[in-house]
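# A closer look at the structure
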Amino acid sequence: MIPSVFEYHAPSTVSEALSLLGQYGDGAKLLAGGHSLLPMMKLRFAEPAHLIDLNKIRELSGIREEGGVIKIGAMTSETALIDSALLQKKIPLLVEAASLIADPQVRNRGTIGGDITHGDPGNDHPAITIALDAKFILVGPKGERTVAAGDFFLGTYMTDLQPEEILKEIHIKPFAPKTGSAYCKLKRKTGDFATAAAAVVLQMSGDVVSSARITLTNVGPIALHAQAAEQALVGKPLTDASIAAAAAAAMAICDPAEDLRGNIEYKTAMAGEMTKRAIRLAATRCK
Ligand SMILES: Cc1cc2nc3c(=O)[nH]c(=O)nc-3n(C[C@H](O)[C@H](O)[C@H](O)COP(=O)(O)OP(=O)(O)OC[C@H]3O[C@@H](n4cnc5c(N)ncnc54)[C@H](O)[C@@H]3O)c2cc1C
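Now for a quick tour of the structure.

About the cut-offs
- Residues numbered from 1 in each chain as written.
- Predicted model: local features only at pLDDT ≥ 70, side-chain atom pairs only at ≥ 80, totals over all residues.
- Heavy atoms only, no water.
- Near = heavy atom within 4 Å.
- Polar contact = N/O pair within 3.5 Å; in protein donor to acceptor, adjacent residues only side chain to side chain.
- Areas by Shrake-Rupley, 256 points an atom, 1.4 Å probe, with all protein chains shown as cover.
- 1 Å grid on protein atoms, 1.4 Å probe; cavity = no way out; pocket = protein on both sides within 12 Å on 5 of 7 lines; lining within 4 Å.
- Sits in = over half its atoms within 2 Å of the grid points.
- Helix = DSSP H or I, 4+ residues; strand = E, 2+ residues; numbered from the N terminus.
- Nonpolar A, V, L, I, M, F, W, Y, C, P; charged D, E, K, R; others polar.
- Points joined across faces, edges and corners; volume = space filled by probe spheres on them.
- Buried < 20%, exposed > 50% of the residue type's maximum accessible area, 1.4 Å probe, protein only.
- Arc of directions from axis to C-beta.
- Contact = heavy atoms within 4.5 Å.
- Salt bridge = Lys/Arg side-chain N within 4 Å of Asp/Glu carboxyl O.
- Phe/Tyr/Trp six-rings, centres within 6.5 Å; stacked < 30°, edge-to-face > 60°.
- Pairing = 2+ DSSP bridges.
- Axes fitted to C-alpha atoms, helices over the stretch in contact; angles between N-to-C directions.

### Considering the site of the ligand
- Neighbouring the ligand are 29 residues; L30, S36, T111, D115 and D124 lie closest to it.
- One of the side-chain nitrogen or oxygen atoms of K29 is found 3.2 Å away from an oxygen atom of the ligand.
- One of the backbone nitrogen or oxygen atoms of L37 is found 2.7 Å away from an oxygen atom of the ligand.
- In isolation the ligand offers 960 Å² of accessible surface; the protein chains occlude 91% of this area.
- Its atoms largely coinciding with the cavity grid, the ligand occupies the largest pocket.
- Those elements that place two or more of their residues in the shell around the ligand are β2 (28–31), α7 (112–117) and β10 (166–172).
- Considering only residue class, the shell around the ligand consists of 13 nonpolar, 11 polar and 5 charged.

### Comments concerning the layout of surface pockets
- Its volume calculated, the largest pocket comes out at about 1400 Å³.
- Lining the largest pocket we find 50 residues, and of these S36, L37, G114, T117 and H118 sit closest to its centre.
- Sorting the residues of the lining of the largest pocket by element identifies β2, α2 (37–42), α6 (104–109), α7, β9 (158–159) and β10 as the ones contributing at least two each.
- Here the lining of the largest pocket is built from residues that sort into 24 nonpolar, 15 polar and 11 charged.
- If you add up the space inside the second largest pocket, you get close to 360 Å³.
- Contributing to the lining of the second largest pocket are 17 residues, with L132, D133, K173, P174 and R213 lying nearest its centre.
- Listing elements by their share of the lining of the second largest pocket, those giving two or more residues are β10, β12 (196–205) and β13 (208–217).
- A per-class count over the lining of the second largest pocket returns 9 nonpolar, 4 polar and 4 charged.

### Side note on helix α1 (residues 14–24)
- For α1, the full list of buried residues reads V14, A17, L18, L20 and L21. End-on, the buried residues of α1 take up no more than an arc of 160 degrees, which puts them together on one face. Along α1, the residues that are exposed and aim more than 90 degrees away from the buried face are S15, G22 and Q23.
- Contacts from the buried residues of α1 go to β1 (7–9), β2, β3 (50–53), β6 (135–140) and β10.
- Within two residues after α1, G25 carries a phi angle of roughly 50 degrees, on the positive side.

### Focus on unusual backbone geometry
- In this structure, A102 is a non-glycine residue whose phi angle is positive, near 50 degrees.
- Summarising the element assignment, A102 is placed in the loop between α5 (92–99) and α6.
- A positive phi angle is found at K178, which is not glycine, with a value near 70 degrees.
- Taking the relative accessible area as the measure of exposure, K178 reaches 56% and is therefore exposed.

### Description of the pattern of salt bridges
- In total, this model carries 17 salt bridges according to the counting rule given.
- Of the charged contacts, one joins R64 and E169 as a salt bridge, the two residues approaching to 3.0 Å between their closest N and O atoms. Of the two residues, R64 is situated in strand β4 (residues 63–66) and E169 in strand β10; the sequence distance between them amounts to 105 residues.
- Taking the relative accessible area as the measure of exposure, R64 reaches 34% and is therefore partly exposed.
- Under the relative-accessibility criterion, E169 is labelled buried at 7%.
- Of the charged contacts in the structure, one is a salt bridge between K168 and E144, with a shortest N-O distance of 2.5 Å. Here the residue K168 occupies a position in strand β10, and E144 occupies one in strand β7 (residues 143–148), the gap between them amounting to 24 residues.

### Describing the packing of aromatic side chains
- Summed over all chains, the structure comprises 3 aromatic pairs.
- Arranged with centres 6.1 Å apart and planes meeting at 85 degrees, the rings of F136 and F153 form a pair that is edge-to-face. Pair noted here: F136 is in strand β6 and F153 is in strand β8 (residues 153–155), with a separation of 17 residues, a long-range link.
- Geometrically, the ring pair formed by F152 and F153 is edge-to-face, given 5.2 Å between the ring centres and 90 degrees between the ring planes.
- Given a relative accessible area of 0%, F152 falls into the buried group.
- What makes F153 buried here is its relative accessible area of 8%.

### A few points about the sheet that holds strand β5 (residues 69–73)
- An order of β4-β5-β10-β6-β7 is seen for the 5 strands of this open sheet, with the pairing classed as antiparallel. The outermost strands of the open sheet, each flanked by one partner alone, are β4 and β7. In this sheet, neighbouring strand axes are inclined to one another by 25 degrees on average, regardless of whether the strands run parallel or antiparallel.
- Taken together, the 4 bridges between β4 and β5 define a ladder with antiparallel strand orientation. The residue of β5 that forms the bridge with E66 is V69.
- Docked against the sheet, α1 engages β6 and β10, running at close to 135 degrees with respect to β10.

What follows is the structure in structure tokens.
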């Protein structure tokens, strides 16, 4: 319950935050919504000597469409994602997933950027951003670089983010007309992390699946991109057999950790079930 002593900094620009990061190095941690970092500090799993609060940096928040791309500031809260008319219309998968994260109080504080950079396989945004083929804009002392969501997550609590960098924005292309999507998440209760979850983005041409992206949450050390499951669907009519083949291919890449949510067999089976449900639901939304 009681965190270690730390020094608090509240920069108002990204460049100020970067220079503080450079100055304090390994001893510093960025503070976003605080709903993963502060719980870890209270348990003394993390004991940063300096907290660099990003909440006063206006340029890190907000959702806008620019040049055919939706640009979401890293400090945008889950609640703001859910309330965004632009996202509801153009990237409804993100809205559906955000509404399944934590609870209203946590969603008022927790940010999309913090959820991504934390690197927890239990978090939902990693699989969602991979399903959406999002690009992450990282800013560091040498300027900006762009990393695809699919290349960002390296291991449990390990990402491609370098210690001197800040995640600035998430860029996602709006859905093409008639794209269907769904996020099916099995959890023990509201506010719990997924036992297993599947994200699906689908396009149909008549009865035939013309494109599919399928990703999985919390059934491996990182969010999983189920490419063989996609191949089991694309170019084929959507039938019980093709859906079962996709679910089997998704289950084949699962490598969950056994814990209080269940053993490996159960979590793997549930990843298959969530994949089936998400495919069926996404297909009904391809209108
Ligand atoms: C009760 C409860 C239930 C929850 N359930 C879920 C759930 O079901 N699904 C889910 O996905 N999450 C869940 N969470 C986690 C929650 O969504 C967190 O808010 C999220 O994981 C981290 O976001 P944050 O903004 O709070 O980041 P913080 O806790 O402030 O930071 C987390 C980490 O990210 C780093 N960081 C933050 N922002 C940046 C940035 N812009 N650039 C670089 N590094 C940055 C920080 O330095 C820190 O290491 C839950 C949390 C609680 C307390």
